[in-house]
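Coordinate analysis (summary)
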Amino acid sequence: MSDKKSNETISLKLNDFLVKYKGLVFGFIAVLFVFVIVLSVGMTISSSSVSKGISQIDSIDYTFRKDTDGISGDDLLKKQDEALASLNPLLKNSGVVGSRTNFLAADIYFQKGMFEESRECWINAAKKNSSAYTAPIAYYNAAVCSENLNDLESAIEYYEKVVSAKEFYLIDHAYFSLGRVNESKGDLEAAKTAYEKISGKTNEWGALAQSRLISIDIQSIQ
């Protein structure tokens, strides 16, 4: 079988699998965006200037989310653009303030479908507070944005940053995503390496990883 036909077969088989399990595989992505702002509140506030910056961000966040439920179209777009305009002067700040600002901006850009801008903000958020427990969350979301941009190489890069972190509460999901993207690329060995990290786990990701390993083994002998 030629490499081209082999990659097409891999793509089709993985696509069928993802269609079947779409709700489970991608369901937690939205959860990360819901929790990320809440989690970032726990960042250490070490000075009055940082406290002032956090208060500004909280105010922008509150104004943006207030009365957002149920609105759409131009009304929602207006609130999003107003929030981004308010956040813009704070985006280049360092430390906690810069990280928290980029978190919120990244979330809003993602809602707008502006994945390149969202990814840039997620990466900045991670770099500006790299030792915080929120950094792997930011890299995970940067990987999700990369997938939306069909930039699989970058998606792999950021998923690898996530799984190398000491703590990440969706580590099994991250390993599965890393395997899935490598499989989409046709790099079955890298996909197997990622899947094998969680194939023995007694959860849905372990079960799904085991399913993909079996599928890959079947493909290799066809």
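For the structure itself, look to the data block above.
What counts as what
- Residues numbered from 1 in each chain as written.
- Predicted model: local features only at pLDDT ≥ 70, side-chain atom pairs only at ≥ 80, totals over all residues.
- Heavy atoms only, no water.
- Helix = DSSP H or I, 4+ residues; strand = E, 2+ residues; numbered from the N terminus.
- Buried < 20%, exposed > 50% of the residue type's maximum accessible area, 1.4 Å probe, protein only.
- Contact = heavy atoms within 4.5 Å.
- Arc of directions from axis to C-beta.
- Salt bridge = Lys/Arg side-chain N within 4 Å of Asp/Glu carboxyl O.

What about the overall build of the protein?
- If you tally the helices and strands in the protein, you get eleven helices and zero strands.
- Seen in sequence order, the protein has helices and strands lined up from the N terminus as α-α-α-α-α-α-α-α-α-α-α.
- Buried residues in the protein amount to 45% of all 222 residues.
- A separation of at least 24 residues holds for 60% of the contacts in the protein among residues at least 6 apart in sequence.

Thoughts on helix H10 (residues 188-196)
- Within the span of H10, buried status applies to Ala 191, Lys 192, Ala 194 and Tyr 195. Along H10, the residues classed as buried sweep out an arc of 165° about the axis, all on the same side.
- Packed against the buried residues of H10 are helix H9 (171-185) and helix H11 (204-221).

Things to note about the pattern of salt bridges
- Considering all chains together, one arrives at eleven salt bridges under this definition.
- Between Asp 81 and Lys 112 there is a salt bridge; the shortest N-O distance is 3.0 Å. Of this pair, Asp 81 sits in helix H4 (residues 73-87) while Lys 112 is found in the loop between helix H5 (95-111) and helix H6 (115-128), placing the two residues 31 residues apart along the sequence.
- We classify Lys 112 as partly exposed; its relative accessible area is 24%.
- Across the salt bridge formed by Glu 147 and Arg 180, the nearest N and O atoms sit 2.6 Å from each other. Taken as a pair, Glu 147 in helix H7 (residues 135-148) and Arg 180 in helix H9 lie far apart in primary sequence, 33 residues in all.
- With a relative accessible area of 23%, Glu 147 lands in the partly exposed category.
- Three or more residues are tied together by salt bridges with common partners; here these are Asp 61, Arg 65 and Asp 107.

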